[in-house]
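# Structural overview for review
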Amino acid sequence: MKLRLFSCFLTSSLVAVALTGCATEATIRERIPSFKPLFSTAAVSGPASVAPPSKTEAMIRKALDHLHANPLVALGENMEAARTALTQLKANPSDPVALHDYNFAVARMVGIIKASKLDPWTKPLEVPIANGKLLLTNKRDPRPMWNPALYNFTPADEFTIGGDYVKEHITRPGIGAPVVAVGKEPNKAWRTNYLTKHLFYGVTAMARFQGDRCVLSFEDPLEKETVSLDGRTIPLAADFTVPLAVMLASAGPQVPKLERMLFPEKYAETAHLARLEPYNPNKAVVLVIHGLMDSPSTWAPMIIKLRSIPEIRRNYQFWFYSYPSGYPYPYSAALLREKLDDAERRYPTRRPMVVIGHSMGGCISRLLITDTKDDLWKLLFNGRTPAATQLPASSKKIYTAALVFRHRPEVGRVIFIAAPLKGSEIATISLGRIGSMLIRTPGTLLRAGNDALKVGTFQSDDLKLKRAPNSIDTLSPKNRFVKAINKIPIVTGIPYHTIQGDRGRGDTPNSSDGVVPYWSSHMEGAKSECIVPSDHSAHQNPKAFDEVARILKLNAKEN
């Protein structure tokens, strides 16, 4: 409890950057939903208007009655209900009752398989039905990661969700049962394959029947918009909210935001580049980068909204960069460049990447579209070139990676959201200085910083430090790096956009989001600038969602 209170105090009083740091991101509760007929009454009110139950409704209710006492029997009854509804759909694909009942029956099939620990994945499962039996099996997928035996599947309609990051439940109507797939075991190759340690993904279950066989398949709603049914094309159902809500509620507590800022060395292994969906070389990567005392979960509201847009699903896949935010951001950018080098070898991009950075993540993003040569080095080391600067080899290696770099050729567009590109006074005032002193800088960076202090000099208006700078220091307008990097232009040919909050006051250019003033986040040369009525969490504002969607659509047309 003390740590929780301190977290909120530091968030609001010392740093004031991660304004959602004390929020409940997502909550989940599992329960088996009751069956609700699509149409329970006719248009005219009165006792005579109650519609008689359909054949499939009666079968589903019977299955629900048997669910706990005899799940295998309930499974068979749901399979029969799904087959009956599917037959009706083949005759009339626009039959809403048949579609509703089919989806409910398939969802219960998936739920029973999980709850009863059945295994139709490694060999067909014999399921009793009223007039014999059905063999339940699955459609084989040649991709190793799509082996259903690796996952537990839970129907999305069995989750009740809540929390600040999943306020809007976005679905796509259609055929199939939206399902949350969760890896049974941690992925051993999660780093080398650029995945999250535990896999969470949203799929849509379909049950097809071939004689006495029922074949389950799991379709990817981010790849497929429709499915074929008896030669007819039907939209594929999808749930874009529940899978991410389950991921946040299950994995979120494993990423302590405050501790990653205060003790970055302890959480060094959390610096990771990861994809949120299977790699598709024909889709452009959207790379999102969080800010100070935050984590990738901060992007959940935006990603849910963007995934609900067909044009964006067709053209983009989402990746994130996570890092201990106590590192000085030039160092975090250097780590990202290393990871991008390896990721490009394993998953080569065919279309230009779009990078979206919030707050300090925007500062990192700026370094991805900058060529420094040795200009930045000379600005920081009194005009000396790297070769002429006397530094121990280990320290020179760190500074070379952080200060001498070229723009990333795979990046084709950047969106800066509430980015303190010229610094924020919060990092300079007394509370910010106290917050800076609480950060425990890694020993390697401390030594490199001390070595640099011996060969560099401060100007009269510089932020003067007797130690290596950390993340808060590198957000100060008086920081030598901040002043130097703003003297080096962004490379030409890469469009960039800005989104800023004004707290709804409409006072731009004298505006601020409460953390970053307009004069710091404004960028000359930006292709567009959007002011949203938001505090520093502008990346979670609905108007920002619309602006990012507009830019991504524009980018898809231009590329």
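Residues numbered from 1 in each chain as written. Predicted model: local features only at pLDDT ≥ 70, side-chain atom pairs only at ≥ 80, totals over all residues. Heavy atoms only, no water.

### Overview of the pairing of strand β13 (residues 272–275)
By the alternation rule, side chains of β13 split into H272 and A274 and L273 and R275, which are all buried. Here four bridges tie β13 to strand β15 (residues 316–322), and the two strands are oriented antiparallel to one another. Residue pairing in the sheet places H272 in a bridge with S322 of β15. (Buried < 20%, exposed > 50% of the residue type's maximum accessible area, 1.4 Å probe, protein only. Helix = DSSP H or I, 4+ residues; strand = E, 2+ residues; numbered from the N terminus. Pairing = 2+ DSSP bridges.)

### Some thoughts on helix α10 (residues 360–367)
Of all eight residues in α10, eight are buried; the element is thus mostly enclosed. Listed as buried for α10 are M360, G361, G362, C363, I364, S365, R366 and L367. Looking at the buried positions of α10, the neighbouring elements they touch are β14 (284–289), α9 (329–346), β16 (353–358), β17 (411–417) and α15 (480–485). (Contact = heavy atoms within 4.5 Å.)

### Details of the packing of aromatic side chains
Describing an aromatic ring pair means giving the distance of the ring centres and the angle of the ring planes. One pass over the full model with this rule turns up 16 aromatic pairs. Aromatic side chains W146 and Y201 sit 6.4 Å apart centroid to centroid with 90 degrees between the ring planes, which places their arrangement in the edge-to-face category. Here the residue W146 occupies a position in the loop between β3 (132–138) and β4 (151–155), and Y201 occupies one in strand β8 (residues 200–210), the gap between them amounting to 55 residues. Each of the two residues, W146 as well as Y201, counts as buried. Here a set of aromatic residues connected by ring pairs shows up, and it is made of W121, Y151, F153 and F218. One Lys or Arg, R108, reaches over the ring of F104 and ends 4.7 Å from the middle of that ring. (Phe/Tyr/Trp six-rings, centres within 6.5 Å; stacked < 30°, edge-to-face > 60°. Lys NZ or Arg CZ within 6 Å of the ring centre and 35° of its normal.)

### As for the pairing of β8
The buried fraction of β8 amounts to nine of the eleven residues, a majority that puts the element mostly inside the structure. Here strand β7 (residues 177–183) runs beside β8; their pairing, made up of six bridges, is antiparallel. Residue pairing in the sheet places V180 in a bridge with G202 of β8. Sheet topology note: the β8/strand β9 (residues 213–219) ladder contains seven bridges and is antiparallel. The residue bridging T204 from the neighbouring strand is E219, located in β9.

### Observations regarding unusual backbone geometry
Along the chain, T508 connects to P509 via a cis peptide bond; the corresponding omega equals 15 degrees. Checked against the element boundaries, P509 lands in the loop between β18 (496–501) and α16 (518–521). With a phi close to 55 degrees, K117 is a non-glycine residue in the positive phi region. Along the chain, the position of K117 falls in the loop between α4 (96–115) and β2 (125–129). By relative accessible area, K117 is classed as exposed at 75%.

### Points about the sheet that holds β7
Taken in spatial order, the six strands make up an open sheet running β2-β3-β9-β8-β7-β4, and their pairing is mixed. Strands at the two margins of the open sheet, each flanked by one partner only, are β2 and β4. Each neighbouring strand pair of the sheet contributes to a mean axis angle of 35 degrees, computed without reference to strand direction. Against the sheet, helix α3 (residues 71–91) makes contact with β2, β3, β8 and β9, and its axis sits at roughly 80 degrees relative to β2, the strand it touches most. Strands in contact with α4 are β3, β4, β7, β8 and β9; relative to β4, the strand with the most contacts, it is inclined by about 140 degrees. (Axes fitted to C-alpha atoms, helices over the stretch in contact; angles between N-to-C directions.)

### A look at the pattern of salt bridges
According to the stated counting rule, one finds 23 salt bridges in the structure shown. Two residues, R313 and E225, come together in a salt bridge whose shortest N-O distance is 2.6 Å. Residue R313 is found in helix α8 (residues 310–315), and its partner E225 is found in the loop between β9 and β10 (226–229); the two are separated by 88 residues along the sequence. A relative accessible area of 25% places E225 in the partly exposed class. R406 is the salt-bridge partner of D371, the closest N and O atoms lying 3.9 Å from each other. Separated by 35 residues along the polypeptide, D371 in the loop between α10 and α11 (375–380) and R406 in the loop between α12 (393–403) and β17 bring together distant segments of the chain. One continuous salt-bridge network, built from bridges that share partners, spans E25, K257 and D294. (Salt bridge = Lys/Arg side-chain N within 4 Å of Asp/Glu carboxyl O.)

### Things to note about the packing of helix α2 (residues 55–66) against α4
Packing of α2 against α4 leaves a shortest axis separation of 10 Å and a crossing angle of 20 degrees. Here α4 runs roughly parallel to α2, going by the angle between their axes. Once α2 is placed against α4, the crossing between them reads as left-handed. Between α2 and α4, the contacting residues are T56, E57, I60 and L64 on the first element and D101, F104, A105 and R108 on the second. (Parallel < 35°, antiparallel > 145°, perpendicular 65-115°, else oblique. Left-handed = near helix turned anticlockwise from the far one by under 90°.)

### Let's talk about the environment of P442
Residue position: P442 is located in the loop between α13 (430–438) and α14 (443–455). For P442, a relative accessible area of 4% corresponds to the buried category. In this view, P442 contacts P264, E265 and Y327; residues no more than four positions away in its chain are not counted.

### Quick word on the confidence of the model for the protein chain
For the protein chain, mean pLDDT is 89; residues scoring 70 or higher make up 89% of the total. Overall, residues 1–21 carries pLDDT values under 50, and its contacts beyond four positions in sequence, including any with other chains, amount to 50 contacts. Confidence drops under pLDDT 50 across residues 41–49; counting only partners more than four residues distant or on other chains, this segment forms six contacts. (pLDDT = per-residue confidence, 0-100.)

### Overview of the side chain of T204
Along the chain, T204 turns up in strand β8. A distance of 2.7 Å separates a polar side-chain atom of T204 from the backbone oxygen of A237. In contact with T204, other than residues within four places in its own chain, are I175, G176, A177, P178, S217, F218, E219, P221, L236, A237 and A238. (Polar contact = N/O pair within 3.5 Å; in protein donor to acceptor, adjacent residues only side chain to side chain.)

### Some points on the packing of α9 against α12
Axes are the key here: two packed helices are described by the angle between their axes and the distance separating the axes. Where α9 contacts α12, the axes come no closer than 8 Å and their chain directions differ by 80 degrees. When the interaxial angle is binned, α9 and α12 end up roughly perpendicular. The residues of α12 that touch α9, namely those facing P330, Y331, A334 and R337, are I398, A401 and A402. For the contact of α9 with α12, the per-class residue count stands at six nonpolar, no polar and one charged. (Nonpolar A, V, L, I, M, F, W, Y, C, P; charged D, E, K, R; others polar.)

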